[in-house]
Amino acid sequence: MPFKPTDSATLSTGIKIPVIANGSWAPSTGNARAEAKDWTLTALKAGYRHIDTAQGYGTENSVGLAIKESGLKREEVFITTKLPFTDHDNVQQSFNESLENLGVDYVDLYLLHWPQFIRFDGTESRENAKAISSPTFSEVWFEIEKIFEQKKAKAIGVSNFSIKNLEILLKSAKVVPAANQVELHPYLAQNELREYCRSKGIVVVAYAPSGYSQVRNDPVIGQIAQEHNVTPNQVILGWHLARETVVVPKSQDVRRQRDNITLPVLSEDDVKKIDALDRGERICNKPDESGLVWGWSMEQLGW
Ligand SMILES: NC(=O)c1ccc[n+]([C@@H]2O[C@H](COP(=O)([O-])OP(=O)(O)OC[C@H]3O[C@@H](n4cnc5c(N)ncnc54)[C@H](OP(=O)(O)O)[C@@H]3O)[C@@H](O)[C@H]2O)c1
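Bear in mind that the values here come from a model prediction, so they are computed numbers and not experimental data. (Residues numbered from 1 in each chain as written. Predicted model: local features only at pLDDT ≥ 70, side-chain atom pairs only at ≥ 80, totals over all residues. Heavy atoms only, no water.)

(A) Summary view of the sheet that holds strand β6 (residues 107-112). Across the sheet, which stays open at both edges, the eight strands sit in the order β3-β4-β5-β6-β9-β10-β11-β12 with parallel pairing between neighbours. Looking at the sheet topology across the chains shown, the edges are occupied by β3 (22-23) and β12 (246-248). Bridge count between strand β11 (residues 203-207) and β12: three bridges; the pairing is parallel. Residue pairing across strands places Tyr207 opposite Val248, the latter belonging to β12. (Pairing = 2+ DSSP bridges. Helix = DSSP H or I, 4+ residues; strand = E, 2+ residues; numbered from the N terminus.)

Right, here's the structure in full:
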């Protein structure tokens, strides 16, 4: 059954995850991260009940303030946050910092943001990301499992994990990740990974779900948008819901936030046409000139 925008999916731990989140990545420049408070608040007022943040985005504080200002009860908002790839050797302290930043005493979903542990050699730019071999992500997961056991996270999961790395993780994991948040849009449909995750009870969550202007400007998307009298972004998000994928779009504009939860019901034919656009193309996190994504090769990532 296709998801409706107001639906929630059920994670393996039994908790419900609203199928549309508003993201909260913001650049580190100027006041952008502080301003995330205002647009997270408009998202909550527009009806979003799932906010996706990460300690690495520097917006946990803004998200926490927005939730408080919204007047919603803590349990009415599903909060996802993530362990930074620089904190793999410091999981408990980093998690406690996230709780403090958010001003809450539990999170709904805590994700291992990346499989690789890195240190920056200089400024925090991709070319300065240096991978460190210990602890391994399986060892990091062991620490994240403790957070779940202590009930400080209602569910735990991973992000940017391939089948290859999930296979390694599952060899020693006591708790199967409840979710895997990955780049997923019509140009990168991730069908094999989706199938694998389904077989393990792992819910796939799509980040960069629009595929940005590359996918929004695709003529097939434009045509379907015209037929439904909606925007290309709404068509793309409608496609995700038709495929029962939890999505994390991000908008800081209240009109576009409303659009992103007001989605067309696509026909089977529309969905097939969009399925056919898949070309395995990464648009958000693609390798740099040396073939690395944050210090790891495509082979190490299993991408
Ligand atoms: N786990 C990870 O490694 C990872 C990586 C990347 C992202 N994420 C998460 O996923 C979230 C979303 O990722 P994303 O920002 O790449 O998502 P996205 O929704 O695919 O793209 C956001 C961009 O699309 C624009 N936009 C949003 N709604 C629109 C609409 N209806 N029409 C036209 N343009 C629209 C936004 O501009 P406006 O804001 O001006 O509307 C923004 O420039 C992030 O905020 C973060 O929480 C996770």
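(B) Structural view of the packing of helix α8 (residues 219-228) against helix α11 (residues 268-275). Packing of α8 against α11 leaves a shortest axis separation of 10 Å and a crossing angle of 160°. In terms of their interaxial angle, α8 and α11 are classed as roughly antiparallel. The handedness of the crossing between α8 and α11 comes out as left-handed. Judged by residue contacts, Val220, Ile221, Ile224, Glu227 and His228 of α8 engage Asp270, Lys273 and Ile274 from α11. (Axes fitted to C-alpha atoms, helices over the stretch in contact; angles between N-to-C directions. Parallel < 35°, antiparallel > 145°, perpendicular 65-115°, else oblique. Left-handed = near helix turned anticlockwise from the far one by under 90°. Contact = heavy atoms within 4.5 Å.)

(C) Expanded view of the UniProt feature "site: Lowers pKa of active site Tyr" (unreviewed entry) in the protein chain. Mapped onto this numbering, the UniProt entry gives "site: Lowers pKa of active site Tyr" (unreviewed entry) at Lys82. For Lys82, the location among the structural elements is in strand β5 (residues 78-83). Not counting residues within four places of it along the chain, the set of residues in contact with Lys82 comprises Asp52, Thr53, Ala54, Gln55, Tyr57, Tyr110, Leu111, His113 and Gln181. (UniProt positions renumbered as here; feature names shortened; annotations may be inferred.)

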